[in-house]
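# Examining the three-dimensional arrangement
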Amino acid sequence: MSETAYSPVSQHLSDPETAREEGRRKMDWALQHMPILNALRDEFVDEQPLEGETIAMAMHVEAKTANLVELLADGGAEVAITGCNPLSTHDDVSAALDAHESITSYAVRGVDDEAYYDAMHACIAHEPTITVDDGMDMVKLVHEEYPELIDSIVGGAEETTTGVDRLRAMDADGELHYPVFAVNDTPMKQLFDNVHGTGESSLATIAMTTNLSWAGKNVVVGGYGQCGKGVAKKAAGQNANVIVCEVDPRKALEAHMEGYEVLPMREAAKTGDVFITTTGNRDVITREHFEEMQDGVLLANAGHFDVEVNLDDLDDLAVDRYEVRDGVEGFELDDGRVLNVIAEGRLVNLAAPIALGHPVEVMDQSFGVQAVVVRELAEHGERYEAGVHDVPDELDREVADIKLAAEGVEYDHLSDEQREYMDSWEHGT
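All values reported here derive from a predicted model rather than from experimental measurement.

### Some words on the sheet that holds strand β6 (residues 179-182)
- Read from one edge to the other, the open sheet built from seven strands follows the order β3-β2-β1-β4-β5-β6-β15, with strand pairing classed as parallel. Each end of this open sheet is capped by a strand with a single partner; those strands are β3 (103-105) and β15 (387-389). Within the sheet, the average angular offset between the axes of one strand and its neighbour, ignoring direction, is 20°.
- Taken together, the six bridges between strand β1 (residues 54-59) and strand β2 (residues 78-83) define a ladder with parallel strand orientation. Residue A58 lies in a different strand from β2, and its bridge partner there is T82.
- Packing of helix α5 (residues 113-124) onto the sheet brings it into contact with β1 and β2, and relative to β2 it is tilted by some 170°.

### Overview of the packing of aromatic side chains
- Summed over all chains, the structure comprises four aromatic pairs.
- Relative to Y106, the ring of Y6 lies with its centre 6.5 Å away and its plane at 50°, an arrangement referred to as tilted. Of this pair, Y6 sits in the segment before α1 (16-31) while Y106 sits in the loop between β3 and α5; the two residues are 100 residues apart in sequence, bridging distant segments of the chain. Of the two residues examined, Y6 and Y106, each falls in the buried class.
- Arranged with centres 4.9 Å apart and planes meeting at 75°, the rings of F181 and Y384 form a pair that is edge-to-face. With F181 in strand β6 and Y384 in the loop between α15 (360-380) and β15, this residue pair connects regions lying 203 residues apart in the sequence. One exposure class covers both F181 and Y384, and it is buried.

### Observations concerning the side chain of S10
- Position of S10 relative to the elements: it lies in the segment before α1.
- Separated by 3.0 Å, the side chains of S10 and D98 make a polar contact.
- Sequence-distant contacts of S10, defined by excluding residues within four places in its chain, comprise P16, R20, A95 and D98.

### So, the packing of helix α2 (residues 35-47) against helix α3 (residues 63-74)
- Running from N to C, α2 and α3 cross one another at 15°; their axes reach a closest spacing of 8 Å. Between α2 and α3, the crossing angle belongs to the class labelled roughly parallel. Here α2 and α3 pass one another in a crossing that is left-handed. Each of L37, L40, R41, F44 and V45 in α2 lies in contact with α3, whose residues at this interface are N67, L68, E70, L71, L72 and D74.
- By residue class, the composition of the contact of α2 with α3 is seven nonpolar, one polar and three charged.

### A closer look at the packing of α2 against helix α16 (residues 393-407)
- Running from N to C, α2 and α16 point in directions that differ by 110°, and their axes come no closer than 9 Å. Between α2 and α16, the angle is such that the two are roughly perpendicular. Both α2 and α16 take part in a crossing whose hand is right-handed. In this structure, α2 contributes P35, I36, A39, L40 and E43 to the contact, and α16 contributes E398, V399, I402, K403 and A406.
- For the contact of α2 with α16, the class distribution of residues is seven nonpolar, no polar and three charged.

### What about the UniProt feature "domain: S-adenosyl-L-homocysteine hydrolase NAD binding" (unreviewed entry) in the chain?
- Look at the UniProt record and you will see "domain: S-adenosyl-L-homocysteine hydrolase NAD binding" (unreviewed entry) annotated at residues 194-355.
- End C-alpha to end C-alpha, residues 194-355 measures 17 Å, and it is 37% helix and 24% strand.

### So, unusual backbone geometry
- Backbone geometry places Q48, a non-glycine residue, at a positive phi of 50°.
- Checked against the element boundaries, Q48 lands in the loop between α2 and β1.
- Residues other than glycine seldom take positive phi values, yet E344 does so here, at roughly 60°.
- Its location among the elements puts E344 in the loop between β14 (338-342) and α14 (348-351).

### Structural notes on the sheet that holds β14
- Read across the open sheet, the eight strands follow the order β9-β8-β7-β10-β11-β14-β13-β12; overall the sheet is mixed. Where the open sheet ends on each side, the last strands, each with one partner, are β9 (261-262) and β12 (318-325).
- Note that strand β11 (residues 298-301) and β14 share two bridges and pair parallel. From the neighbouring strand, L299 faces β14, where its bridge partner is V341.

### Regarding the pattern of salt bridges
- On inspection of all chains with the given rule, the structure shows 27 salt bridges.
- Here E267 makes a salt bridge to K270, at a shortest N to O gap of 3.4 Å. Here K270 and E267 lie together in helix α11 (residues 265-271), a separation of three residues that amounts to about one turn.
- The exposure class of E267 is partly exposed, given its relative accessible area of 32%.
- A residue is classified by how much of its surface remains accessible, and K270, at 39% relative accessible area, is partly exposed.

### Here's the deal with the nonpolar core
- By size, the foremost hydrophobic cluster in this structure holds 49 residues, and its most contacted members are I55, M57, L72 and V79.
- Here this core gets ten residues from one element, more than from any other, and that element is α15.
- Apart from the residues within four sequence positions on either side, M57 is in contact with L68, V69, L72, V79, A80, I81, T82, C123, V132 and M138.

What counts as what
- Residues numbered from 1 in each chain as written.
- Predicted model: local features only at pLDDT ≥ 70, side-chain atom pairs only at ≥ 80, totals over all residues.
- Heavy atoms only, no water.
- Pairing = 2+ DSSP bridges.
- Helix = DSSP H or I, 4+ residues; strand = E, 2+ residues; numbered from the N terminus.
- Axes fitted to C-alpha atoms, helices over the stretch in contact; angles between N-to-C directions.
- Contact = heavy atoms within 4.5 Å.
- Phe/Tyr/Trp six-rings, centres within 6.5 Å; stacked < 30°, edge-to-face > 60°.
- Buried < 20%, exposed > 50% of the residue type's maximum accessible area, 1.4 Å probe, protein only.
- Polar contact = N/O pair within 3.5 Å; in protein donor to acceptor, adjacent residues only side chain to side chain.
- Parallel < 35°, antiparallel > 145°, perpendicular 65-115°, else oblique.
- Left-handed = near helix turned anticlockwise from the far one by under 90°.
- Nonpolar A, V, L, I, M, F, W, Y, C, P; charged D, E, K, R; others polar.
- UniProt positions renumbered as here; feature names shortened; annotations may be inferred.
- Salt bridge = Lys/Arg side-chain N within 4 Å of Asp/Glu carboxyl O.
- Core = buried A, V, L, I, M, F, W, Y, C linked by side-chain atoms within 4.5 Å.

Take a look at the structure:
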């Protein structure tokens, strides 16, 4: 396969050496608080489970992700990585990765759509045997433009809800031709990353970007999946009034039973101060909602792609748009109201100028699952047929055990009699 013309990150920077030093400093700080990756690093370096594998990754290239990437490389793999969001890359971290002898990083912050995909093509030009995605763009590109690689790819892993949803749709259409683990759906991801990670990092980023308080504000949460639950819980914990908008009657009922006000978005639009979308779907907030909103509202997306808040509709309504403060764009309507969009409607906890993503400890858990899943593919990939697969429960438990041991937490175990009782259908009352 011919190499693309797109260059690694170091060739895009004016002072790559200084960038590498700063990126390494960020990575080292994060690694101090990542006991799972540290434990796995010892195992991977000693056993080299990924020797001979080539891994192509499309992820948020920041310090925590970088420690996962280095773990995979130190475990024997050749790794090529690029970003999965043009505004979530930290150039200094990307440069630090690119300095590793087994890693090539093409991730550059702020690229346009053409360069975004050029970088992805450059990763695939390394002819991967394993793919690791956050959003499924890499898998999609392989299937559409590099079908000749599919037979040599043992499998992949997908990090996030949106990517898993896309993969399941692809699988249902019979178009997914190698196995991919739905890392997002495993308990170690759902219970911590999606709830605590999204909730804490989204609210912290919005607060730091705007310098505004949550107390007393009407916070409208679009979607009450795991991410929406986290945002709602954390906002309520900071004394906001939370309104939930949902399309699933069971999730709407769950939000109601948790004590939140549940309204259609067209009604919530009239009273909301801050709107945070968490659905992974498009057009959650559109023209009809903008027309009802109060002057000065904040609009942010904590889903995945920048389609949840319809900025085309908002731009059509606006008579002017301008930077209000770093990371916030004001859209002025013809009646003088200004609606403020944070981070261009992209994933707010990663795309805002000061965004740092999920807390380190949370991502240690998610990336621990990623690491053991990649190890599973390298060692036992032949066991899995094409399609979307749940992460084997023993791998998820392995990561939880590592974390508990690092925290000094002991817990109970089933006795043989208890295990036999739970596994049998013959025991009655």
